[in-house]
Amino acid sequence: MRNFVKVTLALSLVTQVVFAQKNKSKGFHFAEEQTELMLKSISEAKATSRPNAVTPRTLDKNGNLVLVPSRDWCSGFFPGELWFLYQYTKDKKWMDEARKYTAFIEPEQFTTTTHDLGFEIYCSVGNGYKLTNDPSYKQVIINAAKSLSTRFNPTVGCIKSWDNRKEWKFPVIIDNMMNLELLFAATRLSGDSSFYKIAVTHANTTLKNHFRANNSSYHVIDYDPETGKVLHKQTHQGYADESAWARGQAWGLYGYTMCYRETRNPVYLQQAEKIAAFILNNPTTPTDKVPYWDYNAPDIPNAPRDASAAAITASALYELAKYSENGKSYKKSADQIMNSLSKHYQAEPGGSKGFILLHSTGHKPANSEIDVPISYADYYYLEALLRQ
Ligand code: GLY
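Thresholds, definitions, all that
- Residues numbered from 1 in each chain as written.
- Predicted model: local features only at pLDDT ≥ 70, side-chain atom pairs only at ≥ 80, totals over all residues.
- Heavy atoms only, no water.
- UniProt positions renumbered as here; feature names shortened; annotations may be inferred.
- 1 Å grid on protein atoms, 1.4 Å probe; cavity = no way out; pocket = protein on both sides within 12 Å on 5 of 7 lines; lining within 4 Å.
- Contact = heavy atoms within 4.5 Å.
- Helix = DSSP H or I, 4+ residues; strand = E, 2+ residues; numbered from the N terminus.
- Points joined across faces, edges and corners; volume = space filled by probe spheres on them.
- Near = heavy atom within 4 Å.
- Polar contact = N/O pair within 3.5 Å; in protein donor to acceptor, adjacent residues only side chain to side chain.
- Sits in = over half its atoms within 2 Å of the grid points.
- Nonpolar A, V, L, I, M, F, W, Y, C, P; charged D, E, K, R; others polar.
- Axes fitted to C-alpha atoms, helices over the stretch in contact; angles between N-to-C directions.
- Parallel < 35°, antiparallel > 145°, perpendicular 65-115°, else oblique.
- Left-handed = near helix turned anticlockwise from the far one by under 90°.

Moving on, we come to the UniProt feature "binding site: substrate" (unreviewed entry) in the protein chain. With numbering matched to this structure, UniProt assigns "binding site: substrate" (unreviewed entry) to Asp116, Asp175, Thr235, Arg247 and Trp251. From the set just named, the residues that line the second largest pocket comprise Asp116, Asp175, Arg247 and Trp251. Sequence-distant contacts of Asp116, defined by excluding residues within four places in its chain, comprise Trp73 and Asn179. Within the element layout of this structure, Trp251 appears in helix H8 (residues 246–263).

As structure tokens, then:
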């Protein structure tokens, strides 16, 4: 009898692995075809875009491809997708494209006017370095970490998100947790622990001030840069100051999971588990597990979805599953999200200029990028596929 149970368990495990491999292969096959189309769409769009526009971000209201300069926070996602295609297929064609598009983003390594350097440089150059060990990429990562570190204020204990916003003195957004990965990598690559210390201090300050009792997070915390005192707790891209903006919750989940990977501090693991509980047990989460753009959107169930929040969440849950006692349940939830995205949110083959996923929401209060394909949804979807 005991043997029978063992054989049944082993068979079920093998079936799960075969199923995951099949999904991954199907997902990447589709991604390769769409990305071939995207490369053509980029060439066409360049003719009518600004000369410094280099990588795709979304489609505009007329269905035209929107290309952005390296300075845009979304610039690094497409190069990152090309690296993921190379990682999965090992086809040199994708490495050549990845190198070409990564080179467009490298000048940002010296920019000190944005907190988005992690998105820009680590999603492009960081993935390139992981796959090639190219020493020039290593130096770009270290330079970018130095630039990002100039935005750290030790009195506040955080990296400043945005400059020149008259309503806020020292705004810090939950998204900023994502940029810490660049700092952890820079300490590993340079031996300079100052980057690591800044990352940990930022994560600790955010943990203290960004979260509510129900473990959802505010979008923006505004600090007094002279005293470190919290001045405002507000939103920018969410429905209301006290609402839970869907992508913000996903950034927090991914950020604290990554911080646990980098530090093994159990406090970060617990925080990631708490955020996962908020997301997965939320009564407004639809049965397909792709959230509405804000968990408190007033027009649920007619509110737009945010497939990007779902893709980021799935990728984070696959990683969290490796560290947590709830691993099985996180993996199951991530599989459910990925199943929904693959079955019901993919672009039509050969359509949408080569984007992979539809139905993301960029900035609803600004009436911008609502129910559109968007590069970061595709990036985290491919990363999640690789993590399956
Ligand atoms: N600010 C990054 C985002 O829209 O999620």
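Applying the stated rule across the entire model yields 3 cavities of 30 Å³ or more. One number sums up the size of the largest cavity: a volume of about 120 Å³. The wall of the largest cavity is formed by 13 residues, among which Tyr122, Cys123, Glu181, Tyr379 and Tyr380 lie closest to the centre. Secondary structure elements with two or more residues in the lining of the largest cavity: helix H4 (117–132) and helix H12 (375–387).

The next thing to look at is the site of the ligand. Taken together, the neighbourhood of the ligand is formed by Trp73, Asp175, Gln237, Trp245, Arg247 and Trp251. The contact in question runs from an oxygen atom of the ligand to an N or O atom on the side chain of Arg247, over 2.7 Å. In the model, an oxygen atom of the ligand is placed 2.8 Å from a nitrogen or oxygen of the Trp251 side chain. Spatially, the ligand is embedded in the second largest pocket. A breakdown of the residues in the shell around the ligand according to their chemical character gives 3 nonpolar, 1 polar and 2 charged.

With that settled, the discussion passes to the packing of helix H6 (residues 180–190) against helix H7 (residues 194–209). Between H6 and H7, whose axes approach to 7 Å, the crossing angle comes to 155°. With respect to each other, H6 and H7 are oriented roughly antiparallel. Every pair of crossing elements has a handedness; the one defined by H6 and H7 is left-handed. Residues Leu180, Leu183, Phe184, Ala186, Thr187 and Ser190 of H6 touch H7, and the partners they reach there are Phe195, Tyr196, Ile198, Ala199, Val200, His202 and Ala203. Split by residue class, the contact of H6 with H7 holds 10 nonpolar, 3 polar and no charged.

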